[in-house]
Amino acid sequence: MRVLVVGAGLSGLSTAMFLGLHGVESLVVERHATTSLHPKARGQFPHTMEVLRLAGIDQRVADASPPDFRFRLIVAGAAAGPVYNEILVNDMGPDLSAFSSAGWANTSQERMEPILAGRARELGAAVRFSTELVEFTQDDGGVTAVLRDVGTGEEETVRAGYLVGADGHRSPIRHALGIGVTGRGVLGTGVAAIFAADLTSVLPRNALVYLKNPELPGAGGALVSTDERGRYALGVGAGEYDDDRWVEMIRIAAGIPDLDVRLLEVSGSSDTKHWVADSFSSGRVHLVGDAVRVMPPTGAFGGNTAVMDGFHLAWKLAMVIKGEAGPGLLDTHTAERRPYSKYIAEQQYTFYVQRMAPELDDGTLAAPADPASMMFFGYRHVSDAVVLEPGDKGELLEPEPTGRPGSRAPHVVLPDGTSTIELFGRGFVVLTGSAHWVVKAGALGLTAHLLDGTAWAKAYGVTEAGAVLVRPDFFVAWRTPDANGDLEGALRHSLRLC
Ligand SMILES: Cc1cc2nc3c(=O)[nH]c(=O)nc-3n(C[C@H](O)[C@H](O)[C@H](O)COP(=O)(O)OP(=O)(O)OC[C@H]3O[C@@H](n4cnc5c(N)ncnc54)[C@H](O)[C@@H]3O)c2cc1C
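Okay, so let's go over this structure. (Residues numbered from 1 in each chain as written. Predicted model: local features only at pLDDT ≥ 70, side-chain atom pairs only at ≥ 80, totals over all residues. Heavy atoms only, no water.)

Focus on the site of the ligand
Residues in contact with the ligand amount to 26 residues; listed here are only the nearest, S11, E30, Q109, D290 and G303. Note that an oxygen atom of the ligand is positioned 3.2 Å from one of the backbone N or O atoms of A300. Computed on the free molecule, the ligand has an accessible area of 1,000 Å², of which 78% lies beneath the protein chains in the complex. Elements that contribute at least two residues to the shell around the ligand include exactly helix 1 (10-21), strand 8 (131-139) and helix 7 (301-321). With four residues, helix 7 is the single largest residue contributor to the shell around the ligand. (Near = heavy atom within 4 Å. Polar contact = N/O pair within 3.5 Å; in protein donor to acceptor, adjacent residues only side chain to side chain. Areas by Shrake-Rupley, 256 points an atom, 1.4 Å probe, with all protein chains shown as cover. Helix = DSSP H or I, 4+ residues; strand = E, 2+ residues; numbered from the N terminus.)

Right under this line is the structure:
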């Protein structure tokens, strides 16, 4: 087997799905008997929807969202008020039409994971539940792993070319590799209950209320709607609460003293943490999702970054496995994903402090970024897998798209109404307005798109006589403003073949 993926959460299933899209088989093992039974991470941002569109499941995911997924996001004493801060009012988020043709979805993890698992299987992955990784070793040729059937206890040894650790925030794989983490540590410990109630008199269908209320443990909490109408989750500071106390806390959070409440489930305590792994790879083992990055849930990037990690790792694994890229391409996984992870984790920490824990503000908070321009699309992958231009200082952020190498390829609407972004994803491609570059690209086995007009060239910082080499992850590898330039050298550099 080519790739063994441990963990069937959002990151592991995405990795397997995108590997399948690139024609690489994988085996996903998951110790639980099913995908997540809890709503957990919710919401797909447009950059995530772009990659789900590439995999052919954007519509399935959108259809799984509640019918009208506009959101109310507030800081309040209770759902019924008083409201202290309106963060989103019956909205989905910022207008991103300048950056992407993709929309939003608001599907929770419990509905998203089966869609990912189904598509991964359609694309050739095997997904085995009730199966856990016990131990692994790696050598120059691959990884040897011992798997155990959780039901029978039976063990088997499998061999894979690569191991992907998508095994969550505890990540036994990361521990086994001796990779440490750096961050602000444990921020708090909470428990959550899922309950059924009619809150339509105080909340719209989709809502998240950050609670500030002295009657709740720790004087706060979070109340959130789920995909199921009339089902909600309440999270509060950790403690031992019996059912009566839960009902009392839910009524306080709702602001409705006589609310009819049906308690469905109470979870064990979990820590809110902030850290990023010191490395995302070791030899033939690569880490994704919560295994490399854990942050407060304020911002909804945990689930989105988990999907995007799988997307960004899969093309590199696939090209190395198929012999189209040098093994050094995989060394760029840490260089490209870690700076962005640190940035996103700091942003979510800022939101956490501002919305829920102002007492943690010690003057070291990152300034909140504009999500539209910086958190979804305006970050760069600065590594040896792009050809940086002279004068490029390797900035992580690029608020306005410029088309320079290391940045996301700009979204330009084409004459047929589609986006340039829809031209990318399967392999390296060349955008050009000149037959000269089409011939050059063809000689290298690359797909070239001959584009009309000047709009695309202006957005990408070249002339119509120029060319832009775009990686399968929609990031620009190289560009030349005119008919001059070494396309073959740029490709070999970006694939770490030289
Ligand atoms: C209550 C809760 C609410 C959340 N809300 C949000 C939110 O609103 N927005 C947001 O963006 N994020 C949220 N998150 C975070 C989000 O759920 C995670 O960031 C995301 O699920 C990470 O996905 P993952 O695949 O990396 O890890 P996980 O979903 O944790 O998956 C890891 C999997 O690996 C399996 N595993 C571990 N070890 C082994 C082994 N040895 N063998 C086999 N299997 C193994 C585990 O069983 C698990 O299923 C929330 C998390 C929780 C717990």
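A look at the packing of helix 7 against helix 8 (residues 328-355)
Pairs of packed helices are described in terms of their axes, by the angle between the two and the distance that separates them. Their axes nearest at 10 Å, the elements helix 7 and helix 8 cross at an angle of 170°. Relative to helix 8, helix 7 is oriented roughly antiparallel. Two secondary-structure elements touch here, helix 7 through F301, G302, T305, M308, D309, H312, L313, W315, K316, L317, M319 and V320 and helix 8 through L329, L330, T332, H333, E336, R337, Y340, I344 and Q348. Here the contact of helix 7 with helix 8 is composed, by residue class, of 11 nonpolar, six polar and four charged. (Axes fitted to C-alpha atoms, helices over the stretch in contact; angles between N-to-C directions. Parallel < 35°, antiparallel > 145°, perpendicular 65-115°, else oblique. Contact = heavy atoms within 4.5 Å. Nonpolar A, V, L, I, M, F, W, Y, C, P; charged D, E, K, R; others polar.)

Describing the pattern of salt bridges
A complete count under the given rule lists 28 salt bridges for this structure. Between R31 and E132 there is a salt bridge whose closest N-O contact spans 3.1 Å. With R31 in the loop between strand 2 (26-29) and strand 3 (42-44) and E132 in strand 8, this residue pair connects regions lying 101 residues apart in the sequence. Residue E132 is classed as buried on the basis of its relative accessible area, which comes to 17%. (Salt bridge = Lys/Arg side-chain N within 4 Å of Asp/Glu carboxyl O. Buried < 20%, exposed > 50% of the residue type's maximum accessible area, 1.4 Å probe, protein only.)

What to know about the pairing of strand 21 (residues 429-432)
Here strand 21 shows a buried face lined by V429 and L431 and a second buried face lined by V430 and T432. Here four bridges tie strand 21 to strand 22 (residues 447-450), and the two strands are oriented parallel to one another. When the sheet's bridge partners are listed, T432 is paired in strand 22 with L450. At this point the chain moves from strand 21, through helix 10 (residues 435-443), to the parallel strand 22, and the crossover so formed is right-handed. In the sheet, strand 21 pairs with strand 23 (residues 467-470) via four bridges, with the strands oriented antiparallel. Each bridged residue has a counterpart across the sheet, and for L431 the counterpart in strand 23 is V468. (Pairing = 2+ DSSP bridges. Right-handed = clockwise from strand over helix to strand, strands pointing away.)

Focus: the sheet that holds strand 23
The sheet built from four strands is open, its strands ordered 22-21-23-24 with mixed pairing. The open sheet has two edge strands with one neighbour each: strand 22 and strand 24 (476-480). Averaged over all neighbouring strand pairs, the angle between strand axes comes to 20°, with direction disregarded. Sitting on the sheet, helix 10 touches strand 21, strand 22, strand 23 and strand 24, and the angle it makes with strand 22 is about 170°.

Observations regarding the nonpolar core
Counting 78 residues, the largest nonpolar core has L52, L317, F424, F428, W456, Y460 and L469 as the members making the most contacts within it. For this core, the element with the highest residue contribution is helix 7, accounting for 12 residues. Split by domain, the residues of this core number at least three in each of domain 1 (3-64 + 102-181 + 274-360) and domain 2 (381-494). With residues near it in sequence (within four places) discarded, F428 still touches W315, M319, L446, T447, L469, V470, R471, P472, A477, L491, S494 and L495. The next biggest cluster of nonpolar side chains, apart from the first, holds 40 residues, and it includes A145, L147, L177 and M375. (Core = buried A, V, L, I, M, F, W, Y, C linked by side-chain atoms within 4.5 Å. Domains from an automatic or database assignment.)

A look at the packing of aromatic side chains
Scanning all chains against the criterion turns up 17 aromatic pairs. Aromatic pair F424 and F474: ring centres 6.3 Å apart, planes at 45°, arrangement tilted. Residue F424 is located in the loop between helix 9 (371-375) and strand 21, and its partner F474 is located in the loop between strand 23 and strand 24; the two are separated by 50 residues in the primary sequence. Assigned by exposure class, F424 and F474 land together as buried. Put simply, the rings of F45, F99, W104, F301, F376 and F377 pair up and form one aromatic cluster. Here the basic side chain of R284 rests over the ring of Y162, its NZ or CZ set 4.8 Å away from the ring centre. The positively charged end of R355 is found above the aromatic ring belonging to F351, 4.6 Å away from the centroid. (Phe/Tyr/Trp six-rings, centres within 6.5 Å; stacked < 30°, edge-to-face > 60°. Lys NZ or Arg CZ within 6 Å of the ring centre and 35° of its normal.)

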